[in-house]
Amino acid sequence: MNKALIISLLNAYMYINNDDCLSIMTYNHVYNDCHIQNIEFNFVDIIDNHNKSYSIVFDDIIGIQFQNNMAIVGMK
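Even after reading the chapter, I still don't get the nonpolar core, so can you show me in this structure?
In a soluble, globular protein the nonpolar side chains are often hidden away together inside. Leu10, Leu22, Ile24, Val44 and Ile61 are the most contacted members of the largest nonpolar core, which has 17 residues in total. Taken together, the elements giving at least two residues each to this core come down to α1 (3–16), β1 (22–26), β2 (30–39), β3 (43–47) and β5 (61–67). Tallying contributions element by element places α1 first for this core, with four residues.

When you look at the side chain of Asp45 in this model, what are you seeing that I'm missing?
Residue placement: Asp45 occurs in strand β3. Buried within the structure, Asp45 lacks any salt-bridge partner; Lys3 is the closest side chain of opposite charge, at an N-O distance of 14 Å. A polar atom in the side chain of Asp45 sits 3.1 Å from the side chain of Ser55. Those residues in contact with Asp45 that lie beyond four places of it in its chain are His35, Ile36, Gln37, Asn38, Tyr54 and Ser55.

Is there a simple way to think about the pairing of β1 in this case?
Regular strands show a simple pattern: their side chains alternate between the two faces of the sheet. Across the five residues that make up β1, a large majority, five, are buried. Where burial is concerned, the two faces of β1 agree: the one with Leu22, Ile24 and Thr26 and the one with Ser23 and Met25 are both buried. Direction of pairing for β1 relative to β2: antiparallel, over a ladder of three bridges. Along β2, the bridge assignment pairs Ile24 with Tyr31. Count of turn residues in the β1/β2 antiparallel hairpin: three residues. Sheet topology places β1 next to β5; four bridges connect them, and they run antiparallel.

Which parts of the structure should I look at to understand the confidence of the model for the chain?
Interpretation of the predicted coordinates at a detailed level should be avoided for regions scoring low in pLDDT. For the chain, per-residue confidence averages 84 on the pLDDT scale, and 82% of positions sit at 70 or higher. At the low end of the mean pLDDT range in the chain sits strand β6 (residues 72–75), at 65; at the high end sits strand β4 (residues 53–57), at 95.

Honestly, the pairing of β4 in this entry has me stumped. Any pointers?
As judged from the five bridges shared by β3 and β4, these two strands associate in the antiparallel manner. Directly across from Ile47, in β4, lies its bridge partner Ser53. The hairpin formed by β3 and β4 contains five residues between the paired strands, and Asn51 there has a positive phi angle of roughly 60°.

Quick question: what am I supposed to make of the packing of aromatic side chains here?
Two aromatic rings are characterised by how far apart their centres lie and by the angle between their planes. Scanning the entire structure with this criterion turns up two aromatic pairs. Considering the side-chain rings of Tyr13 and Phe66, the 5.4 Å spacing of their centres and the 65° angle between planes classify their relative orientation as edge-to-face. Of this pair, Tyr13 sits in helix α1 while Phe66 sits in strand β5, and the two are 53 residues apart along the sequence. Phe66 shares its class with Tyr13; the two are buried. Consider the rings of Tyr31 and Tyr54, whose centres lie 4.9 Å apart with planes at 55°: the pair is tilted. Here Tyr31, found in strand β2, pairs with Tyr54, found in strand β4; they are 23 residues apart in sequence, far enough to count as distant.

Conventions adopted
Within every chain, residues take consecutive numbers counted from 1 along the sequence as written. Where local features are concerned, this predicted model is filtered to residues with pLDDT of at least 70; where side-chain atom pairs are given and counted, the filter is 80 or more; whole-chain, interface and lining totals use all residues. Remark: hydrogens and water are excluded; side-chain values derive from all non-hydrogen atoms of the structure. Only buried Ala, Val, Leu, Ile, Met, Phe, Trp, Tyr and Cys residues count toward a nonpolar core, and they belong to the same one when joined by side-chain atoms within 4.5 Å. Here's how the labels work: a residue is buried when its accessible area is under 20% of the maximum for its type, exposed when over 50%, partly exposed in between, all with a 1.4 Å probe on protein chains only. We count a stretch as a helix when DSSP gives it H or I for four or more residues in a row; a strand needs E for two or more, and each element gets its number in order from the N terminus. Charged-residue counts in this description rest on Lys and Arg as positive and Asp and Glu as negative, His and the chain ends being excluded. We define a salt bridge as a contact between a side-chain nitrogen of Lys or Arg and a carboxyl oxygen of Asp or Glu at a distance within 4 Å. By the criterion applied in these results, polar contacts are pairs of N or O atoms within 3.5 Å in which, for protein atoms, one can donate a hydrogen and the other can accept it, and in which residues neighboring in sequence qualify only through two side-chain atoms. Any two residues having at least one pair of non-hydrogen atoms within 4.5 Å are treated as being in contact. Strands are labelled as partners when DSSP assigns at least two bridges between them. Confidence scores per residue from the predictor, reported as pLDDT, run from 0 to 100. Only the six-membered ring of Trp is used, alongside the rings of Phe and Tyr, when aromatic pairs are assigned; centres must lie within 6.5 Å, and planes under 30 degrees apart are stacked while those over 60 apart are edge-to-face, with the rest tilted.

In structure tokens form, the structure reads like this:
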């Protein structure tokens, strides 16, 4: 995915809602029900639903999905 698109989607998620409805898919893992801790230029720090911290490089992200009461947003 394009880095600018990833950053835009993650910022939109943080603006719309910051609950447990964010899913990030990488080549090796799917992180469900996570919170964004920090967004940097090349990576994002998250906390998953088991309270484990991860740092995900943008180049590894193949999909992002989140929802609120009005819409579901997802990109692959």
